[in-house]
Amino acid sequence: MAADITDPTQVEKLFHDVKKKFGRLDLLFNNAGVNNPPGVLLEDLSPADWQTIVNTNLSAAFYCTQQAFHLMKEQTPRGGRIINNGSVSAHAPRPNSIGYAATKHAITGLTKSTSLDGRKYDMPVVVGALAANPEIYATGMGVPVEEIGNVWTRAMAHPIQPVPTTNPPCQEVVIKGADLTKPGGGLASLPVPISTPGFDAAPYFTATLCVTKDPETGVRNMGTYRGQLKATDRLGVRMASRLSGAGGYLHWQKYQKLGQPMPIAIVVGCAPAIFFTGPQKLAIDMDEMGVAGALAGAPIRTAKCVTVDLEVPADAEIVIEGLIDPELLEPEGPFGESHGHVNLQEFNAYMDVTAITRRKDAILTSIISQVTPSESSLIKLIDIRNKLPPTHC
């Protein structure tokens, strides 16, 4: 199909014909580019030549992006990918290339605005609702700020065991099989934020409760580990956050010795009293779900996962089920961490997603993980300020 992409009328017809012939659009690659006429100096560049460069390099990319937006938002499943071909000239121009360099620099702005204004999701996102300040944290626990430490001490001393239930709200929608890998399906259907734009390797789940089980003792662990989107059915999971290893990492080491993949369920969105147990370093043999029950003042309702042998909070918003390979590691990161620095790329575990379950009206929860003080650092600092007793792992 041929068209003059500097003419918005022809561009509109082009995309209409694409929809008519192919039914959908999954990828737009904007690559048109022209330079100054050879040998023409900046002071000699005519307004007509300048306009030709702008029309070809910038306006055409906007016209195509605008029409792609229309198609990608209307089609089922919604979404697609738009790639704008920039140039090093945007930052290190060649001589006598003002038109090319200026428009390629503008392409960077077009790309960032496109990403910001892109596909709208059917699911809302909440950020800063868990621990943006001590008062918000205390509200989540239902106690005054000055009582946070005492409540934690009592909860660890007197946990309340969870109670199983059936037909849980967290499984009102179940996504598995081919629905995990279709265009726009699986993890791509979730509005996962980019925590530190320009530095993070991908969108990341930050407000997670990663549920695993010790294959020897059956003791459950719930830890907060970042999750990097790698594909519609794959996540990078960073569990080895310190020398001794987080609870989930210690479980993974045991599965490694058994030569078996480790079942894992990642909870995204749940009652604050449950979530707050994830970042805390409780004793390795202490079930966070029992501590969460004591924090809440009542047993936490749990439900069996659909595809793995684990239990999760029944009233959770979203649950991602899957298996972690016992041997293979993959590059993961970089990511802007809670200490205020970028954690560089390293080799970490990856998760093959076997199911995504959620509420019909699910809300995706994310925490701000950037330069301190931030929400992710405050979750840990609150306990120090309230003088919690020392704990392990």
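Residues numbered from 1 in each chain as written. Predicted model: local features only at pLDDT ≥ 70, side-chain atom pairs only at ≥ 80, totals over all residues. Heavy atoms only, no water.

**Student:** Honestly, the overall build of the protein in this entry has me stumped. Any pointers?
**Tutor:** For the protein, the count of helices and strands is nine helices and 19 strands. Expressed along its principal axes, the backbone C-alpha trace of the protein runs to roughly 80 × 45 × 40 Å. The 393 residues of the protein split such that 45% are buried. Sequence separation of 24 or more characterises 73% of the internal contacts of the protein that already satisfy a separation of 6 or more. As displayed, the protein has an accessible area near 18800 Å², and 57% of this comes from carbon and sulfur atoms. (Helix = DSSP H or I, 4+ residues; strand = E, 2+ residues; numbered from the N terminus. Buried < 20%, exposed > 50% of the residue type's maximum accessible area, 1.4 Å probe, protein only. Contact = heavy atoms within 4.5 Å. Areas by Shrake-Rupley, 256 points an atom, 1.4 Å probe, with all protein chains shown as cover.)

**Student:** In this structure, what is going on with the confidence of the model for the protein? I would like to understand it.
**Tutor:** Segments scoring low in pLDDT should not have their predicted coordinates read at a detailed level. When pLDDT is averaged along the protein, the result is 88; 93% of the residues meet or exceed 70. Scored below 50 in pLDDT, residues 387–393 shows 16 contacts in the model against residues more than four places distant or in partner chains. (pLDDT = per-residue confidence, 0-100.)

**Student:** Sorry if this is basic, but what is going on with the pairing of strand E14 (residues 318–324) here?
**Tutor:** Two faces make up the sheet, and in a regular strand the side chains alternate between them. Across the seven residues that make up E14, a large majority, six, are buried. Direction of pairing for strand E11 (residues 262–268) relative to E14: antiparallel, over a ladder of seven bridges. Within the sheet, the bridge partner assigned to Ile266 lies in E14 and is Ile320. Across seven bridges, the pairing between E14 and strand E18 (residues 346–358) is antiparallel. Across the sheet, the residue bridging to Gly322 is Val353, located in E18. (Pairing = 2+ DSSP bridges.)

**Student:** Looking at this structure, I do not really get the packing of helix H5 (residues 148–157) against helix H8 (residues 288–296). What am I missing?
**Tutor:** Any two packed helices are characterised by how steeply their axes cross, that is the angle between the axes, and by the distance between the axes. Their axes nearest at 8 Å, the elements H5 and H8 cross at an angle of 130°. Taken together, the axes of H5 and H8 lie oblique to each other. Along this stretch, H5 crosses H8, giving a crossing that reads as right-handed. Of H8, the residues touching H5 (which contributes Val151, Trp152, Ala155 and Met156) are Val291, Ala294 and Leu295. Residues belonging to the contact of H5 with H8 are distributed by class as follows: seven nonpolar, no polar and no charged. (Axes fitted to C-alpha atoms, helices over the stretch in contact; angles between N-to-C directions. Parallel < 35°, antiparallel > 145°, perpendicular 65-115°, else oblique. Left-handed = near helix turned anticlockwise from the far one by under 90°. Nonpolar A, V, L, I, M, F, W, Y, C, P; charged D, E, K, R; others polar.)

**Student:** Can you walk me through the sheet that holds strand E4 (residues 163–164) in this structure?
**Tutor:** Strands belonging to one sheet form pairs held by backbone hydrogen bonds; the direction of such a pair is parallel or antiparallel. One open sheet accounts for three strands, arranged E4-E12-E13; its pairing is mixed. Pairing within the sheet leaves two strands with one partner each, and these edge strands are E4 and strand E13 (311–313). Across three bridges, strand E12 (residues 301–304) lies against E13 in antiparallel orientation. Counted as the bridge partner of Thr302 is Pro313 from E13.

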